[in-house]
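Each chain, written out:
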Number of protein chains: 2
Amino acid sequence: MRIRVAIVDDDAELGANLRSLIDGAGDQVCVGTYPDSDSACKVLLRDPPDVVLMDINLGRHSGIDCVARLKAVVPQVQVIMVTVYEDTERIFKALSAGATGYLVKREVGPELLEAVRQVMQGQSPMSGHIARKVVEHFQKPRLAGNSPEDLTPAEARVLDQLAQGYMYKEIAANNGITLDTVRTHIRSIYQKLQVHTRAEALLKYLGQS
Amino acid sequence: MRIRVAIVDDDAELGANLRSLIDGAGDQVCVGTYPDSDSACKVLLRDPPDVVLMDINLGRHSGIDCVARLKAVVPQVQVIMVTVYEDTERIFKALSAGATGYLVKREVGPELLEAVRQVMQGQSPMSGHIARKVVEHFQKPRLAGNSPEDLTPAEARVLDQLAQGYMYKEIAANNGITLDTVRTHIRSIYQKLQVHTRAEALLKYLGQS
DNA sequence: CCGTAAATCGCATGTAGATGCGAGTTGGAT
DNA sequence: ATCCAACTCGCATCTACATGCGATTTACGG
C-alpha cells in the first residue's frame, strides 16, 4: 500500500513539481493538490490522506490554521510543513498547531520522499537549522536566567519536584526523607531564591521574572 | 583544520570504537576519551574541543551534569548526547543542559560522523524518534488539554494574577473584591482546570501558553 | 417574565505551606 | 583533630490555601 500524500500550496507550479516527485517514488502517491486552506479542508477532512505537505503562505488563511483545522478532526494525519520561512515564530506556531515535520523549500528533493517515510514511522524530519532552533528553545530559559544554582544537590532535587506540583509529603516519600526535612530544604531554597511562597519559587525556577 | 572531538563514555570498549570511527574520518580527530564527568571536565575545561560526544550513564555524575558544567564555562563547545536512553525526561534535561544533538547508540556509525559535521554547521542532529518527542513537546498542551478557555473573564483575570504569584488577599485588593470572592473564582478555576492546588494550576496555565 | 450564567459575598472547617528555633550526623578540607 | 557545609530530623506556630454549603444581584436571551 503506497503512502497517500496530499499537497497544499498556492504556487501551482511548485505543487505540480511536488506531485510528480511524490508519484515518482514507488512507495508514495499524490492523492490531491490544493491551492488554499478551504478547498484542502473540504476534501481532506472527509477522505484523510496519510501525509499532508503544507505550505505556510496560502492566501487568506495561513497554512498553520489549516494544520490546526485538520488535526482537530483527524489527528492521525501527519503534516509536514514545506516552506521558505525559517523564523522562530512560524516554526513554533506550526509545530504547536500539530505539524510533525518542517522542511525548508530549498531542501526539497529526495529528502522530501524520505521525510514522508519518516513521519509515517513516528519520526520528525526537520531541516538542520530548524532542528537547532527547536532545540535552542529548551536552552533559552536556562541560559537567559540568572544563576540561582548555588543550590545543593538535595535542594535542587526538592525544588525540581516542587516545580512538578508534588506536595511536601509526596516529595518526602519519593526521596525517603521526612516531611520536616523537606521543609528544611525548602526553607533554604526560598532563602537562596529570595522568595517566600511556592508560587514565586515556581516562577523563578520555570520562567524567570 | 580537522574537527576536534572528545569522547566521554564509561564503556571503554565503546569509547575505543568511537575513537577509531572518528579518527577514520578524514575531517575529524579524537583528542581524548574520558570515562567519567570529573576527568573529562578537568581536561576539557582547559583545552576545549569543538565537539563532545557524551554518554548519559556515567558512574557517579550523569553525563547531563557534565554537559552543564562544560557549557557553563565554554559555551561554544557543541555537545552530542550518544546514549541508549530515549525517555522524555532525559532528553529534555540533556537539551536544557546545553546539548545540541541527541543520538541513540544503536544508530551510531557513519551517521555519527555526519552529526559531528552538522553541529559545527549550526544544526541539531537527532535520531528520528528523539526529534519526534521534542516536537511533541510543543503539541502536548493542545492534545492533552482540556479546554483552557471556558474560563469567564473574571476567572481569567484571577488566574492570571494567581500565575504571577499574588496572594489571594492581593488579588482581592487589586480588583476591589473580597477575599471570599477570590476564593469562589479560584474554586471554579480549579474545577475547570481539573486541579486541586495552586501549583498544579500554575503548571497547566504556564505550561500551555 | 423567567431562567440561566456570571459575579459577588459570607462562614466554617480542614489541610498544606511558611517559618522560628534547636539539634544530631557525616564527609571532606585545613 | 577540627571545622564547615550539607543533610537530616523534630516541634511549634501562624498564615495561606482548598473546599463545602449557601445566598444575593445583575445582565441577557427566549
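For the structure, see preceding data.
Quick look at the structure, then. (Residues numbered from 1 in each chain as written. Chains lettered and ligands numbered in written order. Predicted model: local features only at pLDDT ≥ 70, side-chain atom pairs only at ≥ 80, totals over all residues. Heavy atoms only, no water.)

### Description of the environment of V182 of chain A
Residues and elements named next belong to chain A. The topology assignment puts V182 in helix α9 (residues 179-193). Take V182: its relative accessible area is 0%, and that puts it in the buried class. A sequence separation of 13 residues divides V182 from K169, and the C-alpha atoms of the two residues are 8.1 Å apart. For V182, the contacting residues outside a window of four places in its chain are V158, Y168, I171, A172 and I177. (Helix = DSSP H or I, 4+ residues; strand = E, 2+ residues; numbered from the N terminus. Buried < 20%, exposed > 50% of the residue type's maximum accessible area, 1.4 Å probe, protein only. Contact = heavy atoms within 4.5 Å.)

### A word on the protein's contact with DNA strand D
Contacts to DNA strand D come from 19 residues, most closely from T152 and H185 of chain A together with Y168, R187 and R198 of chain B. Among all atoms of DNA strand D positioned within 4 Å of the protein, those belonging to sugar or phosphate total 64%. Secondary-structure elements contributing two or more residues to the surface near DNA strand D are α7 (153-162) and α9 of chain A together with α8 (168-175) and α9 (179-193) of chain B. Tallied by class, residues from the surface near DNA strand D come to 6 nonpolar, 7 polar and 6 charged. (Near = heavy atom within 4 Å. Nonpolar A, V, L, I, M, F, W, Y, C, P; charged D, E, K, R; others polar.)

### Re the packing of helix α2 (residues 37-44) of chain A against helix α3 (residues 63-73) of chain A
Residue and element names in this part refer to chain A. Contact pair α2 / α3: the axes reach a minimum separation of 10 Å and the direction vectors enclose 15°. Between α2 and α3, the crossing angle belongs to the class labelled roughly parallel. α3 is crossed by α2, and the crossing has right-handed handedness. Between α2 and α3, the contacting residues are S37, D38, A40, C41 and L44 on the first element and C66, R69 and L70 on the second. Of the residues belonging to the contact of α2 with α3, the class tally is 5 nonpolar, 1 polar and 2 charged. (Axes fitted to C-alpha atoms, helices over the stretch in contact; angles between N-to-C directions. Parallel < 35°, antiparallel > 145°, perpendicular 65-115°, else oblique. Left-handed = near helix turned anticlockwise from the far one by under 90°.)

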